[in-house]
Amino acid sequence: MCGIVGLYFKNDGLAEDLGRLTALMLHEMRGRGPDSAGFAVYGAREATAKLVLLDTTGAVDWAALAARLSAALGAPAEAAPLHDHAVMRVDGDGVAARRWLIENAPEVTVLSLGQSIEVYKGVGDPDAVMERFGLRARTGTHAIGHTRMATESAVTTAGSHPFSTGADTCLVHNGSLSNHNRLRRVLHAGGERFQTENDSEVAAGFLASRMREGDTLSAALRAALQTLDGFFTFAIGTADGFAVLRDPIACKPAVMAETDDWVAMSSEFRSIAVLPGVEHAAIWEPAPAEPYSWGKAA
Amino acid sequence: MNQRLTNTALDLAALSKRAVNATLRAAEAGRFDVLNPNGAHNLACGLEHPVEVTIRGHAGYYAAGMNQRASVTVEGNAGTGVAENMMSGTVRVAGGVSQSAGATAHGGLLVVHGDASARCGISLKGAEIVVGGSVGAMSGFMAQAGTMVVCGDAGEALGDSIYEARLYVRGSVKSLGADCEEKEMDQASLAEVADLLARAGIDADPATFRRYGSARRLYNFHVDDAW
């Protein structure tokens, strides 16, 4: 199973409610994914890069890691811990920072990189994960969330969704891929760096790699239809919007809704029923093998 | 007459889904409104008596599944598997429905006024389905008996590996599935479509529909393969 949700605001009116509404949506998806949960919130765009890091050992000295990163990059870095996560702000090249951390700091997993995205995830009851990382109080333009029922890899925090491998890009997945091991090797040879054995991380890496090579989001999604073998309904968060893609068989559910104020997707309508103005929403099921995207640059 | 006043209200904002379904299943007659469904799954399933149930909003998965004799109306959309394995009775959906609508249904009438997505009428075993809009890919897959009338278009692989079910589509068919072919729209077909449209409450000219069915060329249709 797994439950996925996405929420995008078409204007600023609901920005203060982003976290609260995303939490309500994700709460409805608890039954689809009781193993673990995660979310990506796109808040106000910051001037510098920020990376959300996960301590996989329980013993990371965040200040010391910030100092090591700062010395390696020759740029200021500062960490703000939150439970087993920390937001590392780097006044320099974020992509280089991500690469350095993956290669030199095996005690952490890089959950996200960007100027507005922050990804948080954890094992256990989705409501508890949302509470721990203060989802309800978070504000912003759009959010992606996931509740996980693991099938392809272990139930760990790092193996929870969303997966983010490119700047301000993330992906949540309901389904399972069957060619992810081979694809991971191909992408690795091309320079992509993975941090888990998870199939969904490979899909995130594939999209990020295509977009880095110049594909638009919709071109990358069409390429994914050709390359990825397996079952999937994806919600993909980008710097200024989100996209939805289902495989050609489309046995993993998805429902979408749109009003003048927001666009939302979920595995089930229950999550959409909690949104304000839903009684006036256009509601439909996204067609198989057809990319949908919203946002300024969609 | 205000129908809402005469119906028994079952409010999911106040009652558990189990309690609502138990009340519906226990009733031998009567009219019920299910309020605040908000996409809840398994509403009005397994009803065995001729009750009338109106779900006032959107239903989740398997709404009115395994229905017998009851008349269930969904005023909004319904999720996966609406009226799956229906035996008799009527299920009407004002909006659209998700995948596998009417799957394996043996009898009764399912009317969808909006669109139905993939695999509508999969493994149909005798029920009648009328869709006011379009149906998605692989609709009528392995349909064994019964009738499906589609007023809009059909997606890829319509009627793949179909047995004796009869499919009628007014709009375009993206592609026919294995062993599905267009059939003659004879007088009996016209009468069947006219009757179903009338019972569904949909105004359309039966002469504008095309009929599809089994070419009977797959392995299992060859007597030499029987044993």
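Because the structure is predicted, anything quoted here is derived from the model rather than measured.

Regarding its fold elements, chain A presents eight helices and 16 strands. Taken against the 2.2 N^0.38 rule, which gives 19 Å for 298 residues, the C-alpha radius of gyration of chain A at 18 Å falls within 12% of a compact globule. Along the first, second and third principal axes, the C-alpha atoms of chain A reach 55 × 40 × 35 Å. The buried share among the 298 residues of chain A stands at 53%. Across chain A, every contact between residues at least 6 apart in sequence was considered, and the portion connecting residues at least 24 apart equals 72%.

When helices and strands are counted, chain B shows three helices and eleven strands. Ordered by position in the sequence, the α and β elements of chain B form the string α-β-α-β-β-β-β-β-β-β-β-β-α-β. Over its C-alpha atoms chain B spans a radius of gyration of 18 Å, differing by no more than 12% from the 17 Å that the globule rule assigns to 227 residues. Expressed as lengths along the three principal axes of its C-alpha atoms, the size of chain B is roughly 60 × 40 × 25 Å. Relative to its 227 residues, chain B shows a buried fraction of 52%. Within chain B, contacts between residues at least 6 apart in sequence are counted, and of these 22% link residues at least 24 apart.

The next thing to look at is the packing of helix α6 (residues 199-212) of chain A against helix α7 (residues 217-227) of chain A. All names here are of chain A. In the contact formed by α6 and α7, the axes pass within 9 Å of each other and the chain directions differ by 130°. Our classification of the angle between α6 and α7 gives oblique. Between α6 and α7 lies a crossing whose hand is right-handed. From α6, A203, F206, L207, R210 and M211 reach across to α7, where they touch L217, A220, A223, A224 and T227. Looking at the contact of α6 with α7 residue by residue, the class counts come to eight nonpolar, one polar and one charged.

L51, L53 and A203 of chain A are the most contacted members of the largest nonpolar core, which has 87 residues in total. Broken down by element, this core gets its largest block of residues, six residues, from α6 of chain A. Contacts of A203 of chain A, omitting those with residues within four sequence positions, involve L171, H173, L177, A224, L228, F232 and F234 of chain A. By size, the runner-up hydrophobic cluster in this structure holds 70 residues, among which are V20, M86, C151 and L196 of chain B.

Another point: the interface of chain B and chain A. Residue-level contacts link 13 residues of chain B with ten residues of chain A. The residue inventory of the side of chain B that touches chain A, partitioned by class, reads three nonpolar, ten polar and no charged.

Remark on secondary structure: sheet strands pair via backbone hydrogen bonds, oriented parallel or antiparallel. Residues and elements named next belong to chain A. Strand order in this open sheet of seven strands is β7-β2-β8-β1-β14-β13-β15, and the pairing throughout is antiparallel. Either end of the sheet is taken by a strand with one partner, and the two such strands are β7 (117-123) and β15 (282-284). Across the sheet, the axes of successive neighbouring strands diverge by a mean angle of 10°, strand direction being ignored. As paired elements, strand β2 (residues 36-42) and β7 share seven bridges and run antiparallel to each other. From the neighbouring strand, G38 faces β7, where its bridge partner is K121. Its contacts with the sheet put helix α1 (residues 18-28) on β1 (3-9), β2, β8 (142-148) and β14 (262-266), and the angle it makes with β1 is roughly 155°.

Further remarks concern helix α5 (residues 180-189) of chain A. Residue and element names in this part refer to chain A. Taken together, the buried positions of α5 are occupied by H180, R184 and L187. Down the axis of α5, the buried set is contained in an arc of 70°. They therefore lie on one face. Facing away from the buried surface of α5 by more than 90 degrees, the exposed residues are N181, R182, R185 and A189. On its buried face, α5 sits against β10 (169-177) and α6. Immediately beyond the C-terminal end of α5, within one or two residues, lies G191, with a positive phi of roughly 110°.

Residue and element names in this part refer to chain B. One open sheet accounts for eleven strands, arranged β1-β2-β3-β4-β5-β6-β7-β8-β9-β11-β10; its pairing is mixed. Strands with a single pairing partner mark the edges of an open sheet, and in this sheet they are β1 (8-11) and β10 (180-183). Taken over all neighbouring pairs, the strand axes of this sheet differ in orientation by 15° on average, direction set aside. Packed on one face of the sheet, helix α3 (residues 187-200) meets β6 (109-112), β7 (125-131), β8 (145-150), β9 (166-169) and β11 (210-214) and runs near 70° to β8.

What follows concerns helix α3 (residues 94-104) of chain A. All names here are of chain A. By the burial criterion, the buried members of α3 are G94, A97, R98 and L101. Taken end-on, α3 shows its buried residues confined to a sector of 100°, consistent with a single buried face. Next to the buried residues of α3 lie β3 (49-55), α2 (62-73), β5 (85-90) and β6 (108-114).

All names here are of chain B. Along strand β2 (residues 31-35), the buried face is formed by F32 and V34; none of R31, D33 and L35, which line the opposite face, is buried. Relative to β2, β1 runs parallel, the two sharing four bridges. Bridge pairing in β2 links L10 to V34. What joins β1 to β2 is helix α2 (residues 17-26), and the crossover it makes is right-handed.

Further remarks concern unusual backbone geometry. Across the junction of H161 of chain A and P162 of chain A, the peptide omega takes the value 0°, indicating a cis bond. In this structure, N36 of chain B is a non-glycine residue whose phi angle is positive, near 55°. Inspection of the secondary structure assignment puts N36 of chain B in the loop between β2 and β3 (52-56). Since 15 C-beta atoms lie within 10 Å of it, N36 of chain B is described here as partly exposed. The residue N85 of chain B is not glycine, and still its phi comes out positive at about 55°.

With that settled, consider the environment of A204 of chain A. All names here are of chain A. Secondary-structure assignment places A204 in helix α6. Since 25 C-beta atoms lie within 10 Å of it, A204 is described here as buried. Setting aside residues no more than four positions away along its own chain, A204 makes contact with F163, S164, T165, C170 and L171.

A residue-level look at chain B finds 96% of positions with pLDDT of 70 or above and a mean pLDDT of 95. At the level of chain-chain contacts, confidence expressed as ipTM amounts to 0.86, with global pTM at 0.91.

Each value, and the rule that gives it
- Residues numbered from 1 in each chain as written.
- Chains lettered and ligands numbered in written order.
- Predicted model: local features only at pLDDT ≥ 70, side-chain atom pairs only at ≥ 80, totals over all residues.
- Helix = DSSP H or I, 4+ residues; strand = E, 2+ residues; numbered from the N terminus.
- Rg over C-alpha atoms; globule rule 2.2 N^0.38 Å.
- Buried ≥ 20, exposed ≤ 12 C-beta atoms within 10 Å, placed from the backbone.
- Contact = placed C-beta atoms within 7 Å.
- Axes fitted to C-alpha atoms, helices over the stretch in contact; angles between N-to-C directions.
- Parallel < 35°, antiparallel > 145°, perpendicular 65-115°, else oblique.
- Left-handed = near helix turned anticlockwise from the far one by under 90°.
- Nonpolar A, V, L, I, M, F, W, Y, C, P; charged D, E, K, R; others polar.
- Core = buried A, V, L, I, M, F, W, Y, C linked by C-beta atoms within 7 Å.
- Pairing = 2+ DSSP bridges.
- Arc of directions from axis to C-beta.
- Right-handed = clockwise from strand over helix to strand, strands pointing away.
- pLDDT = per-residue confidence, 0-100.

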